Amino acid sequence: MKAIVAFPVFLGVVILDQISKLVAEATLAATPQPVFGEWFRFALVYNPGAAFGLHLGPYSRWIFMGLTAGALVILSRLYRQTEDGDYRRVLAVALVAAGAVGNVIDRIRSEYGVVDFLDVGFGVHRWPTFNVADMAVSGGAMLLALVLWNEERREVAAADAARAQAAAPSDYAP
């Protein structure tokens, strides 16, 4: 049942990400194109590094592909451990995995790096340019953190209740 949520989300995000990047490369020039004034605009940027322009030198491309592979292994374990019916956790894992795959496809197909084209900010105060895959990773990671935090809270509450039950005097007296 998990695949009913995971597969369409994963595939949809990867396809939307790749199509949007191809359109950005085909239509955008170096000059930012305002969409909602200066607040939101399209600006084609190639990011050879990672989030927020983190760059690890000439081997960044390979290092980040390796890190992505490791992250995908962890995400696949999280997916397999997820119980049927826990659709928020499945959605979160699918979003993060799809975003990671979307960006690694860019790293594989181009030595220039990941295609970013969404630019938000005011004047010189801009958020680092990003793409659909970045939104999926960020949104999925926030949802996954919330889901895992709630799971931990439930486990702690259940353990506290069990301890309280064990410590309570018994109504049975021999």
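Use the structure listed above.
Bear in mind that the values here come from a model prediction, so they are computed numbers and not experimental data.

Q: Is there a simple way to think about the overall build of the protein chain in this case?
A: Each helix and strand in the protein chain was counted, giving four helices and four strands. Start at the N end of the protein chain and walk to the C end: the helices and strands fall as α-β-β-α-α-β-β-α. By the compact-globule yardstick of 16 Å for 174 residues, the protein chain is too spread out, its C-alpha radius of gyration being 22 Å. The principal-axis extents of the C-alpha atoms in the protein chain amount to approximately 85 × 35 × 35 Å. The burial tally for the protein chain puts 35% of its 174 residues in the buried class. Considering only intrachain contacts with a sequence separation of at least 6, the fraction spanning at least 24 residues in the protein chain is 68%. Counting 14 positive and 16 negative side-chain charges, the protein chain places the averaged centre of each group 3 Å from the other.

Q: Sorry if this is basic, but what is going on with the pairing of strand E1 (residues 33-36) here?
A: The side chains of a regular strand alternate, first on one face of the sheet and then on the other. Where E1 lies against strand E2 (residues 40-47), three bridges are found, and the strand directions are antiparallel. When the sheet's bridge partners are listed, Pro34 is paired in E2 with Arg41. The hairpin turn running from E1 into E2, its antiparallel successor, is three residues long, and Gly37 in that turn takes a positive phi close to 60°.

Q: Mind showing me how you'd approach the packing of helix H1 (residues 2-27) against helix H3 (residues 87-109) here?
A: When two helices pack together, you describe them by how their axes are tilted relative to each other and by the distance separating the axes. The contact between H1 and H3 brings their axes to 8 Å, and the two run at 35°. Judged by the twist between their axes, the crossing of H1 over H3 is right-handed.

Q: How do you make sense of the packing of H1 against helix H4 (residues 132-167) when you look at a structure like this?
A: As a packed pair, H1 and H4 sit with axes 8 Å apart at the nearest point and diverge in direction by 145°. Contact residues: H1 offers Val13, Leu16, Asp17, Ser20 and Lys21, while H4 offers Val132, Ala133 and Ala136.

Q: Got a minute to help me understand the side chain of Thr82 in this structure?
A: By secondary structure assignment, the location of Thr82 is in the loop between helix H2 (60-81) and H3. Reaching out from Thr82, the side chain makes a polar contact with the backbone oxygen of Leu78 at a distance of 2.6 Å. Those residues in contact with Thr82, other than ones at most four positions away along the chain, are Lys2, Arg89 and Val90.

Q: Honestly, the pairing of E2 in this entry has me stumped. Any pointers?
A: Of the strand pairs in this sheet, E2 and strand E3 (residues 114-122) are connected by six bridges, and their pairing is antiparallel. Considered in E3, the bridge of Phe40 is made with Val120.

Q: Would you explain the sheet that holds E1 in this entry?
A: Paired through backbone hydrogen bonds, the strands of a sheet run either parallel or antiparallel to each other. The strand order E1-E2-E3-E4 describes an open sheet built from four strands, whose pairing is antiparallel. With one partner strand each, in any of the chains shown, E1 and strand E4 (125-126) form the two edges of the open sheet. Pairing geometry for E3 and E4, over two bridges, is antiparallel. Across the sheet, Gly121 pairs through a bridge with Arg126, a residue of E4. H1 rests against E2 and E3 of the sheet, and its axis sits at about 80° to E3.

Thresholds applied
Residues numbered from 1 in each chain as written. Predicted model: local features only at pLDDT ≥ 70, side-chain atom pairs only at ≥ 80, totals over all residues. Heavy atoms only, no water. Helix = DSSP H or I, 4+ residues; strand = E, 2+ residues; numbered from the N terminus. Rg over C-alpha atoms; globule rule 2.2 N^0.38 Å. Buried < 20%, exposed > 50% of the residue type's maximum accessible area, 1.4 Å probe, protein only. Contact = heavy atoms within 4.5 Å. Lys, Arg positive; Asp, Glu negative; His and termini not counted. Charge placed at Lys NZ, Arg CZ, Asp CG, Glu CD. Pairing = 2+ DSSP bridges. Axes fitted to C-alpha atoms, helices over the stretch in contact; angles between N-to-C directions. Left-handed = near helix turned anticlockwise from the far one by under 90°. Polar contact = N/O pair within 3.5 Å; in protein donor to acceptor, adjacent residues only side chain to side chain.

Geometry only, nothing functional implied.
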